[in-house]
Amino acid sequence: VLISAENMGAIQQIPVQEGYQVAKGQLILSMDIELFERTLDRLTTDLALATTMFEKQSNLWEQNIGTEVQYLEAKNRKESLENEIANVKTQISKSQVRAPFPGTVEEVFVRVGEMAQPGTPLVRIVNHRDMYVKADLSESYIGNFKKGDMAVVFFPSLDKTIESRITSIGQVI
């Protein structure tokens, strides 16, 4: 599987190399989050003030002092900041690319300092539990095989032979 980033950013760290075994959820790449951290700090400060203002406005409203509009504005400001903080935290978490399953890092396409773009391949991970062999055969073999038949596959570069069952046969020539 080709792994790509969900958001754009400068690549800050790649703690894996080709050939590394990775576990599901393991960090394989992280991007710069300094801008997100500064935004989060500012929003947290703003939320503290908005929470205080909302609590004060809420107390006044309960005593029939002030207008409903003032109360609703204070409540809206607080809730908006809480949503913004949640969004920034999501962006921070998406700045860390993690392995979606256990496997082997087959290829790393980027280097530290390069820009990651959404949809652009960063790393290729191979899941050894979900591997299969796809083979093209001559038309002269049509009808000689069926699903469930045993097949012997030889890998000359590994000098290895495996036996397996045929799990599907294409219907297109």
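Scroll up to find the structure.
Per chain, the residues get numbers from 1 upward, laid out in the order the sequence is written. In view of the model being predicted, local features appear only for residues whose pLDDT reaches at least 70, and side-chain atom pairs are presented and counted only at 80 or more, with totals across whole chains, interfaces and linings using the full set of residues. Derived side-chain values reflect all non-hydrogen atoms in the structure, with water molecules and hydrogen atoms excluded from consideration.

The next point concerns the nonpolar core. Nonpolar cores were defined as sets of buried Ala, Val, Leu, Ile, Met, Phe, Trp, Tyr and Cys residues, with membership established by side-chain atoms within 4.5 Å. Each residue is placed in one exposure class: buried if its accessible area under a 1.4 Å probe, protein chains only, is under 20% of its type's maximum, exposed if it is over 50%, and partly exposed if it falls in between. Ranked by internal contacts, the top residues of the largest apolar core, which has 19 residues, are Ile28, Leu29, Val97, Leu122 and Ile125. Helix and strand labels come from DSSP, where a helix needs a run of H or I of at least four residues and a strand needs a run of E of at least two; each type is numbered from the N terminus. Broken down by secondary-structure element, the contributors of at least two residues to this core are strand 4 (27-31), strand 6 (103-108) and strand 8 (121-126). Ile33, Leu40, Ala50 and Ile85 belong to the second largest nonpolar core, which has nine residues in total.

Further remarks concern the packing of helix 1 (residues 34-62) against helix 2 (residues 68-94). To define axes, lines are fitted to C-alpha atoms, for helices over the stretch in contact only, and angles between the resulting N-to-C directions are given on a 0 to 180 degree scale. Running from N to C, helix 1 and helix 2 cross one another at 155°; their axes reach a closest spacing of 8 Å. As summarised for this structure, helix 1 and helix 2 are arranged roughly antiparallel, according to the angle between their axes. Judged by the twist between their axes, the crossing of helix 1 over helix 2 is left-handed. Three residue categories are used. Nonpolar comprises Ala, Val, Leu, Ile, Met, Phe, Trp, Tyr, Cys and Pro, charged comprises Asp, Glu, Lys and Arg, and polar comprises the others, including Gly. A breakdown of the residues in the contact of helix 1 with helix 2 according to their chemical character gives 14 nonpolar, seven polar and nine charged. Geometric relationships in this document are graded by angle, where less than 35 degrees denotes roughly parallel, more than 145 denotes roughly antiparallel, 65 to 115 denotes roughly perpendicular, and other angles denote oblique. Two helices cross in a left-handed way if the nearer one is turned anticlockwise from the farther one by less than a right angle. They cross in a right-handed way if the turn is clockwise.

Salt bridge, as used here, is a side-chain nitrogen of Lys or Arg placed within 4 Å of a carboxyl oxygen of Asp or Glu. Going through the model one piece at a time under the given rule, you end up with seven salt bridges. With a closest N to O distance of 3.5 Å, Glu107 and Arg124 form a salt bridge. One end of the pair, Glu107, is in strand 6; the other, Arg124, is in strand 8, and 17 residues separate them in sequence. Taking relative accessible area as the criterion, Glu107 reaches 29% and is therefore assigned partly exposed. According to the relative accessible area criterion, Arg124 is partly exposed, its value standing at 30%.

With that settled, consider unusual backbone geometry. At Asn64, a position not held by glycine, the phi torsion is positive, near 60°. In this structure, Asn64 sits in the loop between helix 1 and helix 2. On the accessibility criterion, Asn64 (70% relative accessible area) is exposed.

Right, let's talk about the layout of surface pockets for a bit. Of the pockets and cavities examined, the largest pocket occupies roughly 1400 Å³. Residues belonging to the lining of the largest pocket are distributed by class as follows: 19 nonpolar, eight polar and five charged. Only protein atoms enter the 1 Å grid used here. Points where a 1.4 Å probe fits but cannot escape make up a cavity, open sets with protein on both sides within 12 Å along at least five of seven lines make up a pocket, and a residue lines them when an atom lies within 4 Å of a point. Grid points are joined across faces, edges and corners, and a volume is the space filled by probe spheres set on the points.

Turning our attention to helix 2. Expected span of a helix: the number of residues minus one, times 1.5 Å. Counted at 1.5 Å a residue, the expected span for helix 2 with its 27 residues is 39 Å, and the 39 Å between its end C-alpha atoms agrees. Within the sequence span of helix 2, burial applies to Tyr71, Ala74, Lys78, Leu81, Ile85, Val88 and Ile92. Where helix 2 is buried, its residues touch helix 1 and strand 5 (96-98). Residues are treated as being in contact if the distance between any of their heavy atoms lies within 4.5 Å.

This paragraph deals with the environment of Met53. Relative to the assigned elements, Met53 resides in helix 1. Considering only alpha carbons, one finds Met53 and Tyr71, 18 residues apart in sequence, at a separation of 9.2 Å.

Looking at the element boundaries, Asn7 is found in the loop between strand 1 (2-4) and strand 2 (9-13). In protein, a polar contact means a hydrogen-donor-capable atom and an acceptor-capable atom, both N or O and within 3.5 Å, with residues adjacent in sequence counting only if both atoms are side-chain atoms; elsewhere, any N or O pair within 3.5 Å suffices. Here the side chain of Asn7 touches Gln91 through a polar contact of 3.0 Å, side chain to side chain. In this view, Asn7 contacts Met31, Phe36, Gln91, Lys94, Ser95, Ala116 and Pro118; residues no more than four positions away in its chain are not counted.

This part is about the packing of aromatic side chains. Pairing of aromatic side chains here covers Phe, Tyr and the six-membered ring of Trp, requires ring centres within 6.5 Å, and sorts the geometry by plane angle: under 30 degrees stacked, over 60 edge-to-face, intermediate tilted. This structure, assessed with the given rule, holds three aromatic pairs. On the basis of an interplanar angle of 35° and a centroid distance of 5.6 Å, the ring pair of Phe54 and Tyr71 is categorised as tilted. Remark: Tyr71 occurs in helix 2 and Phe54 occurs in helix 1; sequence separation between them is 17 residues. Each member of the pair, Phe54 as well as Tyr71, carries the same accessibility label: buried. When the ring of Trp61 is compared with that of Tyr71, the centres are 6.1 Å apart and the planes differ by 15°; the resulting orientation is stacked. Placement of the pair is Trp61 in helix 1 and Tyr71 in helix 2, with a sequence separation of ten residues. Looking at Trp61, the relative accessible area reads 31%, which means it is partly exposed. In this structure an aromatic cluster arises from ring pairing among Phe54, Trp61 and Tyr71.

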